Amino acid sequence: MSETNRPKPQFDRHDLWQKDRDHHIHPFTHFPSFEKDGALVIARGEGAYVYDADGKRYMDGIAGIWCVNVGHGNREIADRIGEQARRLAFFNTFVDVTNPPAAELAAKLADLAPSHLNRVFFDTGGSAANDSTVRAIHHYFNRLGMPGKKQLISRIDAYHGSTYLAMALTGKAEDHQGFDLPEGLVHYVSCPNPYRRPEGTTLDAYCDQLVTELEEKILEVGPENLAAFFAEPIMGAGGVVVPPPGYHRRTQEVCRRYDVLYVSDEVVTAFGRLGQMFSSEATFGLEPDVITCAKGLTSGYVPLGASLFSDQIYDVIREPAPDQETFSHGFTYSGHPVSCAAALANIEIIERDGICEHVREVGPYFEKRLATLENLPLVGNVRGSHFMLCVESVADKRTKELLPESIEIGKRISDHCERRGLIVRPIGHLNVISPPLILTRDQIDELVDILGASIQATADDLVRERLWS
Ligand SMILES: Cc1ncc(COP(=O)(O)O)c(C=O)c1O
């Protein structure tokens, strides 16, 4: 083909890279490396893979970022988004207006959620869902004549989002650095991480300690001052932490005893990632007062979040009060018709294609294959469940001592993966794996093989650079 006939590349990678570096403030940017290296331009996606602006293919080991559950490039969702945008792109849902997808989706979520959660408030994402939940719970206790019950309990290393309230609920100290938090609103209890439990403590004894700690925290703050406990069923960004058996049920019992509401943040765990539409009840035996969700709700095709409230909470907030008849909370885009249409299409696909069943079937294989990486000298722990997994690197397997932060071990590993055509997420000394839920066994093998080779290559680099032996 002559030069003049050659098709022009669809994207000018350098131009995009430059514009982005010069003008785009990214979420959670590490400015020194961003200024130096800019960003990888991901331009296209298909199934379990994405392609950069040069056309290089990567397996998407993180489903966008815990989102793209049904995989990339799904025509059905794209068509439903297009159809809805042509029919009715937007109208508000304030007060007494609705639209067909919002009404259908609210009913569908009530049907899928535990039986006492029947009232759905639509948000624009996971942070907003947690934020709305805090506001609604505060309103609930005001309505009950208990205005003192406002404070919240969360866990160290929890991630609940990035609005002011959601970041206050977040328990990752590094995410608070250089920002302010509402004083005295949120109290934190320990991260329930079995790998990091005190030496010589059994899992049962560890669980006892965690439950006692929560009860003591409630008594210290005073149940009369506490509104709710927020918890992810499995902590995501905090390090894919699966609590010891019985932890959820027992922490909920403690909350009930002191009239503290239980909010289950299922922004990551809902819509199939653990093999269930919602995992709170189905996997962990919880009966939360509120479930928040987002991400996999639309498989990330368009933004949407939701807070699913219990009948008990709804029955209180719907009662007109003498001084206030309106629930004064909501967003322009609450119940956005295009987002709700995308969610309905996405849920139809998850149900029709048996995606939860697939995750339940191949999830244990994924866990087992990934666990083989614990044989590598750099890997201290492989953990997680089904399609929510993580590898923790350590300097010393026996003492579990970490490598110095300056080594940026997670980033080194993910850079090696990227060169080999796999995207995994570095978080400090961790690498998180949360791919689309459509991965086949062969693709799981491909992912684990590339990750294993990348960890080994990183270990070789460290030895060569005399940073580790
Ligand atoms: C458990 C959890 N809750 C809330 C959020 C915030 O969601 P969003 O980024 O959509 O606001 C996230 C995001 O990763 C999350 O993992």
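Because the structure is a prediction, the values reported are computed rather than measured.

## Some remarks on the site of the ligand
Here's step 1: Lining the immediate surroundings of the ligand are G125, G126, S127, N130, Y159, H160, G161, E232, D265, V267, V268 and K295.
Here's step 2: G126 is positioned such that a nitrogen or oxygen atom in its backbone is 2.9 Å from an oxygen atom of the ligand.
Here's step 3: In this structure, K295 approaches the ligand through a side-chain N or O atom, which is 3.0 Å from an oxygen atom.
Here's step 4: In the complex, 82% of the free accessible area of the ligand, which totals 390 Å², lies under the protein chains.
Here's step 5: When grouped by side-chain class, the residues that make up the shell around the ligand number three nonpolar, six polar and three charged.

## As for the nonpolar core
Here's step 1: By size, the foremost hydrophobic cluster in this structure holds 66 residues, and its most contacted members are L109, F271, F278 and L451.
Here's step 2: Here this core gets nine residues from one element, more than from any other, and that element is helix α13 (residues 337-352).
Here's step 3: In this view, F271 contacts N69, L109, Q276, M277, F278, C293, A294, G296, L297, I347, I350 and L437; residues no more than four positions away in its chain are not counted.

## Quick notes on the sheet that holds strand β6 (residues 186-189)
Here's step 1: If you walk across this open sheet you meet the seven strands as β4-β10-β9-β8-β7-β5-β6, and the pairing is mixed. A strand with exactly one partner marks an edge of an open sheet, and here the two such strands are β4 (117-123) and β6. Here the strands of the sheet are splayed against their neighbours by 20 degrees on average, with no regard to which way each runs.
Here's step 2: Sheet topology note: the strand β9 (residues 290-293)/strand β10 (residues 305-310) ladder contains four bridges and is antiparallel. In the sheet register, V290 faces β10, and the bridge partner there is F309.

## Let's talk about the sheet that holds strand β15 (residues 430-433)
Here's step 1: Spatially, β11-β12-β15-β14 is the arrangement adopted by the four strands of the open sheet, whose pairing is antiparallel. In this open sheet, the two edge strands, each paired with only one partner strand, are β11 (379-385) and β14 (425-427). Neighbour-to-neighbour, the strand axes of the sheet open up by a mean angle of 20 degrees, direction not taken into account.
Here's step 2: In this sheet, β15 lies alongside strand β12 (residues 388-393) in antiparallel orientation, the contact comprising four bridges. Within β15, the residue paired with L389 across the bridge is I433.
Here's step 3: Sitting on the sheet, helix α14 (residues 355-371) is in contact with β11, β12 and β15, with an inclination near 10 degrees to β12.

## Section: helix α6 (residues 126-143)
Here's step 1: The end-to-end C-alpha distance of α6 is 25 Å, a good match for the 26 Å that 18 residues give at a rise of 1.5 Å each.
Here's step 2: Where burial is concerned, most of α6 is hidden: 14 out of the 18 residues are buried.

## Some details on the pairing of strand β2 (residues 49-52)
Here's step 1: Both faces of β2 are covered, namely the face carrying Y49 and Y51 and the face carrying V50 and D52.
Here's step 2: Where strand β1 (residues 42-46) lies against β2, four bridges are found, and the strand directions are antiparallel. Note that in β2 the partner of I42 across the bridge is D52.
Here's step 3: Between β1 and β2, which follow one another and run antiparallel, lie two residues, and G47 among them has a positive phi close to 60 degrees.
Here's step 4: Sheet topology places β2 next to strand β3 (residues 57-60); three bridges connect them, and they run antiparallel. Each residue of the ladder has a partner; that of V50, found in β3, is Y58.
Here's step 5: What sits between β2 and β3 in their antiparallel hairpin is a turn of four residues, with G55 showing a positive phi close to 90 degrees.

## Observations regarding the packing of helix α5 (residues 100-112) against α13
Here's step 1: Between α5 and α13, whose axes approach to 8 Å, the crossing angle comes to 40 degrees. In terms of axis orientation, α5 runs oblique to α13. Once α5 is placed against α13, the crossing between them reads as left-handed. Across the interface between the two elements, P101, A102, E104, L105, K108, L109 and L112 of α5 pack against P337, C340, A341, A343, L344, I347 and E351 of α13.

## A few points about the side chain of H160
Here's step 1: Position of H160 among the secondary structure elements: in the loop between β5 (151-155) and α7 (164-169).
Here's step 2: Overall, the relative accessible area of 2% leaves H160 in the buried class.
Here's step 3: In this view, H160 contacts G126, S127, N130, S154, A166, L169, T170, F230, A231, E232 and D265; residues no more than four positions away in its chain are not counted.

## Focus: the packing of α14 against helix α16 (residues 441-464)
Here's step 1: Between α14 and α16, the shortest axis-to-axis distance is 10 Å and the interhelical angle comes to 20 degrees. Judged on the interaxial angle alone, α16 and α14 are roughly parallel. Remark: the crossing between α14 and α16 carries right-handed chirality. Counted together, E361, V362, Y365, F366, R369 and L370 of α14 and R441, I444, D445, L447, V448, D449 and L451 of α16 form the full contact between these two elements.
Here's step 2: Here the residues of the contact of α14 with α16 sort into eight nonpolar, no polar and five charged.

Conventions adopted
- In this numbering scheme, every chain counts its residues from 1 along its sequence in written order.
- Only residues with pLDDT of at least 70 are given local features in this predicted model, and only at 80 or more are side-chain atom pairs given and counted; all residues enter the totals for whole chains, interfaces and linings.
- Only hydrogens and water are removed before side-chain values are computed, so all heavy atoms of the structure are retained for them.
- A cutoff of 4 Å decides nearness: a residue is near a molecule or strand if any of its heavy atoms lies inside that distance of it.
- Distance and chemistry together define a polar contact, namely a pair of N or O atoms within 3.5 Å, with one atom able to donate a hydrogen and the other to accept it when in protein, and with adjacent residues in sequence counting only for side-chain atoms on both sides.
- Only the protein chains shown count as cover for residues, with accessible areas throughout obtained via the Shrake-Rupley method and a probe of 1.4 Å.
- Any residue outside Ala, Val, Leu, Ile, Met, Phe, Trp, Tyr, Cys, Pro, Asp, Glu, Lys and Arg is labelled polar, Gly included; the first ten of those are nonpolar and the last four are charged.
- Only buried residues count toward a nonpolar core. Its members are Ala, Val, Leu, Ile, Met, Phe, Trp, Tyr and Cys residues joined through side-chain atoms within 4.5 Å.
- Burial classification: accessible surface area is computed with a 1.4 Å probe over protein chains only, and a residue below 20% of its type maximum counts as buried, one above 50% as exposed, and the rest as partly exposed.
- Elements are defined by DSSP. Helices are runs of H or I of four residues or more, strands are runs of E of two residues or more, and each kind is numbered from the N terminus.
- Only heavy atoms matter for contacts: two residues are in contact if any of them lie within 4.5 Å across the pair.
- A pair of strands is treated as paired once DSSP finds two or more bridges between them.
- Interaxial angle, 0 to 180 degrees, is taken between N-to-C directions of lines fitted to C-alpha atoms, where a helix line uses only the stretch in contact.
- Here, expected helix span is obtained from the residue count minus one, scaled by 1.5 Å.
- Geometric relationships in this document are graded by angle, where less than 35 degrees denotes roughly parallel, more than 145 denotes roughly antiparallel, 65 to 115 denotes roughly perpendicular, and other angles denote oblique.
- Should the near helix be turned anticlockwise from the far one by less than a right angle, the crossing is left-handed, and should it be turned clockwise, the crossing is right-handed.

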